[in-house]
Amino acid sequence: MITFTTIISMLMLGIGLSMDSLALSVSCGLQATENKKQMALKVGFIFAFVQASTPLLGYFLGSFFAEQIAFIDHWIAFGLLGFIGGHMLKEGIVHNNGGECEEKDLTLLVLFTMGIATSIDALAAGISLIATDLPILWTIIIIFGATLGFSLFGYSFGNKLGTLFQSRAEIFGGIVLIGLGIKILIEHLLLM
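Residues numbered from 1 in each chain as written. Predicted model: local features only at pLDDT ≥ 70, side-chain atom pairs only at ≥ 80, totals over all residues. Heavy atoms only, no water.

A. A look at the packing of aromatic side chains. According to the stated counting rule, one finds four aromatic pairs in the structure shown. With a centroid separation of 6.2 Å and 85° between ring planes, the pair formed by W75 and F78 is classed as edge-to-face. Of the two residues, W75 and F78 are both situated in helix α4 (residues 73-95); the distance of three residues between them amounts to about one turn of the helix. Relative accessible area serves as the criterion here: at 44%, W75 is assigned to the partly exposed category. (Phe/Tyr/Trp six-rings, centres within 6.5 Å; stacked < 30°, edge-to-face > 60°. Helix = DSSP H or I, 4+ residues; strand = E, 2+ residues; numbered from the N terminus. Buried < 20%, exposed > 50% of the residue type's maximum accessible area, 1.4 Å probe, protein only.)

Have a look at this one:
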């Protein structure tokens, strides 16, 4: 039976796990020039799929896998986001973002890499679901919905910022990704 407390717990988990995807989506929206609605849906669905799949994977693999990767997961996230953010920053400086950065830079591989980099923590959340009474199917659906909603909002917000500050949008996006990687690293190092 799903209680009010269970619903609140699932919503809080879904919202909490979707915050990094929100930041990434803002960064992606900064680069939008054409096909904005199509690209927003692409970004939103990829981030939501990855964010919902990772806790499901954690739930089924159990604590064995998480314990094996826990000591380096933050370094993996930091490295992936730092690499992508550094590339965006370099391109923004070299080209001064005179409209050259387009959706072509946001390939499926890049989007999945960003999604995976920010959802490694969700693996541990999936493992923790084993010890709770939260229904896994509804929890995953809520994580997917929250991430999709926040990603679509973030993309739209980033697109508006990119329109206003087009000359520096790619530089800002790179800084956001690098900052997100540093945040993940610091959080994990402080909790160790």
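Having put the structure on the table, let's press on.
B. Fine view of the side chain of T54. Of note, T54 is situated in helix α2 (residues 36-61). Look past the residues within four positions of T54 in its chain and what remains in contact with it is S119, A122 and L123. (Contact = heavy atoms within 4.5 Å.)

C. Representation of helix α5 (residues 108-128) within the structure. An ideal rise of 1.5 Å per residue puts 30 Å on 21 residues; α5 measures up with 29 Å between its terminal C-alpha atoms. In α5, a bend of some 45° at S119 exceeds every other bend along the element. (Expected span 1.5 Å × (residues − 1). Bend = angle between axes of the 7 residues up to and from the residue.)

D. Here's a closer look at the environment of L108. With respect to the helices, strands and loops of the structure, L108 is situated in helix α5. For L108, a relative accessible area of 47% gives the class partly exposed. A sequence separation of 65 residues divides L108 from V43, and the C-alpha atoms of the two residues are 8.9 Å apart.

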